[in-house]
Amino acid sequence: MINKYCKWYHPYKPAKDYNKKVAYFSMEFGIDQAFNIYSGGLGFLAGSHMRSGFELKQNMIGVGMLWKYGYYDQARNDDQTLRTEFNEKHFDFLEDTGIEVEIKLHDNPHVKVRAYVLKPEIFGTVPMYFLSTDVDGNDHLSRTITNHLYDRNPVTRISQSIVLGIGGAKVVEALGGADTYHLNEGHALPAFYYLRDRGVKKSQMVFTTHTPEKAGNEEREARHLNRCGFFGKTLSNEELEKEMVNDGMINYTISALRMAKKANAVSKLHAIVANDMWKDYDGISKIIPITNAQNQKFWQDETIKKTSLKKNAKAYKKRKTELKKELCDVVSQQTNKKFDPNVLTIVWARRFAEYKRADLLLHDFNRFKRLVSNEKYPVQIIWAGKPYPFDYNAIDTFNHLVHQSKSQPNIAVLIGYEIELSKKLKSGSDVWLNTPRITREASGTSGMTAAMNGSVNVSTNDGWIPEFQKDEKNCFVLPALDHHLPIWDQDKIDANNLYHILETKVIPTYYDNPKKWQDIVFNAIDDVIPEFTTKRMADDYYKKLF
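Residues numbered from 1 in each chain as written. Predicted model: local features only at pLDDT ≥ 70, side-chain atom pairs only at ≥ 80, totals over all residues. Heavy atoms only, no water.

**Some points on the side chain of Lys-356**
- When you line up the elements, Lys-356 lands in the loop between β14 (344-349) and α13 (365-372).
- Given a relative accessible area of 8%, Lys-356 falls into the buried group.
- Among the polar contacts made by the side chain of Lys-356, one reaches the side chain of Tyr-355 at a distance of 3.5 Å.
- If sequence neighbours within four positions are ignored, Lys-356 has contacts with Trp-348, Arg-350, Arg-351, Thr-435, Pro-436 and Glu-441. (Helix = DSSP H or I, 4+ residues; strand = E, 2+ residues; numbered from the N terminus. Buried < 20%, exposed > 50% of the residue type's maximum accessible area, 1.4 Å probe, protein only. Polar contact = N/O pair within 3.5 Å; in protein donor to acceptor, adjacent residues only side chain to side chain. Contact = heavy atoms within 4.5 Å.)

Here you go:
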């Protein structure tokens, strides 16, 4: 029997407003705990988008990569520090479509790429196609290209972009083609070069830039990319020079901005930052803001939702205590510490990256010790998150927190920060701590799902927060500072402001004025929904970008 997903197929008639055929390319998707092929926020965002696309009956498909070892699994060494493990994954719910395409990689013109489909009925997403080079007939090196998300080998990383971009575009062609091709970040840039050569118009190509960070705006040597097959054909020197920036380099973001009819940033502040970043380059598309969001149905606890709609503080408190007990159980299982569901619980959980400042709370160590040893106003603090497995500075920060936690009964550092733990942390915490340096966090979405579950954001005024915040009414916001200051000065000022806000506002309000605290919680839930749900975002993408 021929798989019906061998052609562009949806189990519903697309809604009138969303009839345009859109192929959405992303290097990672965070859809469900059972399908752990993502690293963090970019994947969570893309996964929520695919869920809302299904709920709205959009004529969209996802195109991603089937990572044989996922990102990595967090484990612990004997001293509780981080150990990275790479374990092979098996996803029996994926089906082989029978679609196999060939791409040219380096000197091999016949690398096979096979497409596997995730059907909508499995997790409630639009149809999604995942690509693998672990295919019979490929040589050993070719088979390993889809082993690891964000492989540390630069040549492999380039090959992964070619597989997702050109391999993905060929799979979409086999499905019948799309009206619009959307690149979620620049990883799949080769798709635009390939599609342009196939006669796909600029008006059919759109692009989302997700970060001002250098690592998210890849730049590689043009001649090397040409040898690797990055452009879908070998470009002449003259053709290559037209694509170059910065002394013979190809910047993925700049190239995508030049080829797309329109692009978007992922918050209003990020749109200002991104337009300023790229304004000196010729021919780039306009960058509009479409603020990131998360899927309410997937992320929000149903009882929290019902009690907040009715403003039933007693029922809310009962459910919140149950959820806190579940989180305390996780802490106990991992660390043998007994956390108390009646104590104010602060969580910092997201990808460990230097600019996110996981350790900001420890900058003035004496003040930190006073905070965590205050018997009148007890607190318990949890850190969780995945550093990039070869970012040794980030791993060192993670391990530093582990060592500090050993001497404190009310501090825990958890491993396994994936969708399941993320849900428990957001629903079981009272405070969601968010500490990026201003202008560096393009959006950030963890605080949205935390707010949906009654965890109050305490945050620098960055990313999505300026669009949400009503200080001391739905969250607590650190005072703005000059982001041009030296990093040391920024960190010192922000740390002092963070201690002050926790000591004089957040913690006393929680214990001494529970009614006001409950008002803040309910206000946050009201203000985050529906504005920061992917129902709004998925609609915006069709109306403003596609």
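**Thoughts on the pairing of strand β18 (residues 456-459)**
- Burial along β18 is two-sided: the residues Val-456 and Val-458 and Asn-457 and Ser-459 are all buried.
- Two elements, strand β17 (residues 431-434) and β18, share four bridges in a ladder whose sense is parallel. By the bridge assignment, Leu-433 is partnered in β18 with Val-458.
- Note on the crossover from β17 through helix α16 (residues 446-452) to β18: the handedness is right-handed.
- The sheet contact formed by β18 and strand β19 (residues 476-477) spans two bridges and is parallel. Counted as the bridge partner of Ser-459 is Val-477 from β19. (Pairing = 2+ DSSP bridges. Right-handed = clockwise from strand over helix to strand, strands pointing away.)

**Considering the pattern of salt bridges**
- Applying the stated criterion across every chain, the model contains 36 salt bridges.
- With its nearest N and O atoms 2.8 Å apart, the salt bridge here joins Asp-96 to Arg-114. You can see Asp-96 sitting in strand β5 (residues 95-105) and its partner Arg-114 sitting in strand β6 (residues 108-118), a full 18 residues away along the chain.
- Since its relative accessible area comes to 38%, Asp-96 is described here as partly exposed.
- For Arg-114, a relative accessible area of 18% translates into the label buried.
- With its nearest N and O atoms 3.1 Å apart, the salt bridge here joins Glu-503 to Arg-367. Taken together, the residues span a long stretch of sequence, with Glu-503 in helix α18 (residues 487-512) and Arg-367 in helix α13 at a distance of 136 residues.
- Through salt bridges that share partners, Glu-354, Arg-357, Arg-437, Asp-491 and Asp-494 make up one connected network. (Salt bridge = Lys/Arg side-chain N within 4 Å of Asp/Glu carboxyl O.)

**Details of the pairing of strand β1 (residues 22-25)**
- Burial along β1 is two-sided: the face carrying Val-22 and Tyr-24 and the face carrying Ala-23 and Phe-25 are both buried.
- Looking at chain direction, β1 and strand β8 (residues 180-184) are connected through four bridges and run parallel. Bridging across to β8, Val-22 finds its partner in Thr-180.
- Inspection of the sheet shows β1 paired to strand β2 (residues 60-65) by four bridges, in the parallel sense. By the bridge assignment for β2, Val-22 is matched with Met-60.
- Between β1 and its parallel partner β2, the chain crosses via helix α1 (residues 41-55), and the hand of that crossover is right-handed.

**Overview of the sheet that holds strand β7 (residues 128-132)**
- Taken in spatial order, the nine strands of this open sheet run β5-β6-β7-β2-β1-β8-β9-β12-β13, and their pairing is mixed. Whereas interior strands pair on both sides, the edge strands pair on one side only; in this sheet they are β5 and β13 (287-289). Pairs of neighbouring strands in the sheet enclose a mean axial angle of 25 degrees, with direction left out of account.
- With five bridges connecting them, β6 and β7 associate as antiparallel partners. The residue bridging Ala-115 from the neighbouring strand is Leu-131, located in β7.
- Sitting on the sheet, helix α8 (residues 252-259) is in contact with β9 (205-208), β12 (262-265) and β13, with an inclination near 145 degrees to β9. (Axes fitted to C-alpha atoms, helices over the stretch in contact; angles between N-to-C directions.)

**Quick notes on α13**
- Within α13, the full set of buried residues consists of Arg-367, Phe-368, Leu-371 and Val-372. Each buried residue of α13 sits inside an arc of 130 degrees when the element is viewed along its axis, so together they form one side. Exposed side of α13, more than 90 degrees from the buried face: Asn-366 and Arg-370 are the residues found there.
- The inward-facing, buried residues of α13 abut β15 (379-384), β16 (411-414) and α18. (Arc of directions from axis to C-beta.)

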